[in-house]
Amino acid sequence: MKSVHIFVIFIVIAGLQLFVPVKMILGKEDILNTGKLYKFRTRPIDPNDPFRGKYIALNYDLDEFKTTDSTWKRGEKVLVYFLNDSNGYAKVHAISREEQYSDLDYITAKVNWYNKRNEMLHFDLDFDRYYMDEYKAKTAEEFYIKNNQRNDSINTTYALVAVKDGEAVLKDVLINEESIKEFVDNMIKE
Amino acid sequence: MKSILNDLSELVERNVITNNTADIIKQYYQQKQEHQPNRLLTVFGVLGSALVGLGIILILAHNWDNFSKGLKTMFAFLPLVIGQAIAGYSILKSKNQSWKESSGTFIFFAFGACMAIVSQIYNIPGDLGNYLLTWTLLGLPLIYVLNSNTIAVLSIVFATYYACVVGYSFGDGSNPPWWYLVLLIGTIPYYVKQFKADASGNISTVLNWLYAISLAIVLATFIDNNWPLVFMMYAMLFGIFYNLGKTKPYEALQLRRNSFSIIGSLGIVVLLMILTFNVVWKEIFREQILVLSQEWYISMLLFIIALLLLFNSIRHKKNNKFNLFQFAFLIFAFIFVIGGTLEGLGVVLSNILIVALGLFALKIGADSMRFSVLNFGLLIISTVIICRFFDTNMSFVLRGILFVLVGIGFFIANYLMLKRQKCLTNQS
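None of these values were measured; they are calculated from a predicted model. (Residues numbered from 1 in each chain as written. Chains lettered and ligands numbered in written order. Predicted model: local features only at pLDDT ≥ 70, side-chain atom pairs only at ≥ 80, totals over all residues. Heavy atoms only, no water.)

1. A look at the overall build of chain B
Helix and strand counts for chain B stand at 19 helices and zero strands. Considering only C-alpha atoms, chain B reaches an extent of 75 × 75 × 45 Å along its principal axes. In chain B, which comprises 428 residues, the share counted as buried stands at 46%. Here chain B contributes 29 positively and 18 negatively charged side chains, and the mean placements of these two sets differ by 9 Å. (Helix = DSSP H or I, 4+ residues; strand = E, 2+ residues; numbered from the N terminus. Buried < 20%, exposed > 50% of the residue type's maximum accessible area, 1.4 Å probe, protein only. Lys, Arg positive; Asp, Glu negative; His and termini not counted. Charge placed at Lys NZ, Arg CZ, Asp CG, Glu CD.)

Take a look at the structure:
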């Protein structure tokens, strides 16, 4: 094959390699810019990814819903419809397999397990990673655990999440209305 | 090449070859060298690119909180675009292989780094399996465009990594990594090309070993919930390996380059060794083996491939000598089916087959004067004897005597072969 032909094929591959991350960026930017913002109560912990570095793993309070339907299977896709409660935090309104309410926002989650005893369906929200500077991630977690055990002074940790058409992008994590990044920065300075 | 040139002058001086022949030989080697890229340069280029690429991933994994989103995005794309520009230039200007290998390796890692940093910026949920799949899937075509050995190796390694992440994620509902097969098949045309060009070349050997090891690691990820059939699946895979290793192009290779023969024979022996224990059969009996399950279909498919390879090998070889290792998978299948119906029979038959394989390896080793194969046979037999110590009530004296006998056996067999070898060299 001539060099020019190989070069053309190479350009197509190189274009695809650039297209994949660009498409990731555009999709997420669209949700951030035009999606609606919700607050999800959460607790942070600090794990590791071999390629993407340190992140805060988030355990959401919103992870179950009472239902008599016991046919849900582990790993199945579940649409979680939610509203804001009186304090302004997201709470589950309904769950379903197909789209149901056109006026409500929903997130696509994965079924974890169904508890037959109390008829609770447990699910996992997939925006559970918040990447942070490798030195700050551990500090944030340690601070959270220490203070929460002592006097529960941190009671307003929440994730700010942009939602559009079933997809969600984690925008920020806030501790006492302050971004976790600034919060840890201030803490290190003190 | 220098030593050849030195030898040439000596050969001309002693009138072994004429001046003319010496010139032709010199010319041949000079031309050959011009066409061959500098190997050392390629190795260092690839190593350098891999280290820089991995370094970039690690630096970016720090998660620079103080950089703006735009700056982070720019850093994500910069290494990738630079790598692509260099690779594009190497293709257009038909640069030598060192350029292509180095730039290809760099692109491979830069693409991984680019996706990683975009995931960081947008807190994209962490599915390591999907990330590795996209990475490998879009890195793999570079093998063909850049004719790159390194990317072929990286693609197989990363495909295996992906399969392990997806298939062995215990507790989190592991799935069979079907895409692994697509990735592996994607590398095969390149392997075939390299193998046809130079079957005993270094890259063919490296790929031989990688394929065999990778498949042996990944096969178990295709188990759903019918685990006893894992023995059947592996026995059939090793049957394929061994019979593939006995086909004409592979048999002509040195043993160390024929990974399929080595892993095939070693694998079936280890598998049978496990099945010589009664406790394993008891566990198998407890489970109900489902026919027409995923594991059953895979076993059948592998069985048919192994059988075709066996027929092919028998048909094409004249004066074909019987080789028990080639039939081991067939006998294994029989033992597994029979052993599954009658308790105790499986253990006895497994023991008989493994001892027979040991004796057969001894015979092959003695016939071909290969110490490695001879000792492999001795090792099989002695391991079976040692293993039986654990599930039989033999007296310590008897066990001790058996150990001594096995040890003496090792000495005698090796001594006799050494003597025979010396005798043969003296005769010739």
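Moving on from the model shown.
2. Side note on the domain arrangement of chain A
Residue and element names in this part refer to chain A. Here chain A is described as being made up of domain 1 (1-34) and domain 2 (36-189). Contact residues are listed per partner, giving five residues for domain 1 and seven residues for domain 2. Where domain 1 abuts domain 2, roughly 600 Å² becomes buried across the two surfaces, and 66% of that area is made up of carbon and sulfur atoms. Remark: the boundary between domain 1 and domain 2 carries one salt bridge. (Domains from an automatic or database assignment. Contact = heavy atoms within 4.5 Å. Buried area = accessible area lost by both parts, 1.4 Å probe. Salt bridge = Lys/Arg side-chain N within 4 Å of Asp/Glu carboxyl O.)

3. Observations regarding empty space enclosed by the protein
Residue and element names in this part refer to chain B. Per the stated rule, a full pass over the model turns up one cavity of 30 Å³ or more. Of the volumes computed, that of the largest cavity is approximately 40 Å³. Residue lining of the largest cavity: Ala235, Phe238, Gly239, Tyr242, Gly264, Ser265, Ile268, Phe325, Ala328 and Phe329, and that is the complete set. When residues of the lining of the largest cavity are traced back to their parent elements, those giving at least two are helix 11 (229-245), helix 13 (259-275) and helix 16 (324-339). (1 Å grid on protein atoms, 1.4 Å probe; cavity = no way out; pocket = protein on both sides within 12 Å on 5 of 7 lines; lining within 4 Å. Points joined across faces, edges and corners; volume = space filled by probe spheres on them.)

4. Considerations on the packing of aromatic side chains
In the structure shown here, the tally under the stated rule is 34 aromatic pairs over all chains. Note on A:Tyr81 and A:Tyr101: the rings are 5.0 Å apart at their centroids and 80 degrees apart in plane angle, and the pair reads as edge-to-face. Of the two residues, A:Tyr81 sits in strand 5 (residues 77-84) while A:Tyr101 sits in the loop between strand 6 (90-96) and strand 7 (105-115), which places them 20 residues apart along the sequence. Judged by centre distance (5.7 Å) and plane angle (70 degrees), the rings of A:Tyr89 and A:Tyr158 are edge-to-face. Of this pair, A:Tyr89 sits in the loop between strand 5 and strand 6 while A:Tyr158 sits in strand 10 (residues 157-164), and the two are 69 residues apart along the sequence. A:Tyr158 carries the same exposure label as A:Tyr89, and that label is buried. Pairwise contacts between aromatic rings join B:Tyr191, B:Phe195, B:Tyr211, B:Tyr234, B:Phe238, B:Phe241, B:Tyr250 and B:Phe260 into one cluster. (Phe/Tyr/Trp six-rings, centres within 6.5 Å; stacked < 30°, edge-to-face > 60°.)

5. Observations concerning helix 13 of chain B
Over its 17 residues, helix 13 of chain B runs 24 Å from end to end, which matches the ideal 24 Å to within 8%, given 1.5 Å per residue. The buried fraction of helix 13 of chain B amounts to 13 of the 17 residues, a majority that puts the element mostly inside the structure. (Expected span 1.5 Å × (residues − 1).)

6. Some remarks on the packing of helix 8 (residues 149-167) of chain B against helix 10 (residues 202-218) of chain B
All names here are of chain B. At a minimum axis distance of 10 Å, the contact between helix 8 and helix 10 shows a crossing angle of 5 degrees. Judged by the inter-axis angle, helix 8 sits roughly parallel to helix 10. Across the interface between the two elements, Asn149, Ala152, Val153, Ile156, Val157, Thr160, Ala163 and Cys164 from helix 8 touch Ile203, Val206, Leu207, Leu210, Tyr211, Ser214, Ile217 and Val218 from helix 10. Taken together, the residues that form the contact of helix 8 with helix 10 break down as 13 nonpolar, three polar and no charged. (Axes fitted to C-alpha atoms, helices over the stretch in contact; angles between N-to-C directions. Parallel < 35°, antiparallel > 145°, perpendicular 65-115°, else oblique. Nonpolar A, V, L, I, M, F, W, Y, C, P; charged D, E, K, R; others polar.)

7. Notes on the pairing of strand 10 of chain A
Residue and element names in this part refer to chain A. Most of strand 10 is tucked away, with seven of its eight residues classed as buried. Here strand 10 pairs with strand 11 (residues 167-175) via eight bridges, running antiparallel. Following the sheet pairing, alanine 159 is matched in strand 11 by valine 173. Adjacent in sequence and paired antiparallel, strand 10 and strand 11 are bridged by two residues, among which aspartate 165 carries a positive phi angle near 45 degrees. (Pairing = 2+ DSSP bridges.)

8. As for helix 3 (residues 180-189) of chain A
Among all positions of helix 3 of chain A, only A:Ile180, A:Phe183, A:Val184 and A:Met187 are buried. Viewed along the axis of helix 3 of chain A, the buried residues span an arc of 95 degrees, placing them on a single side of the element. (Arc of directions from axis to C-beta.)

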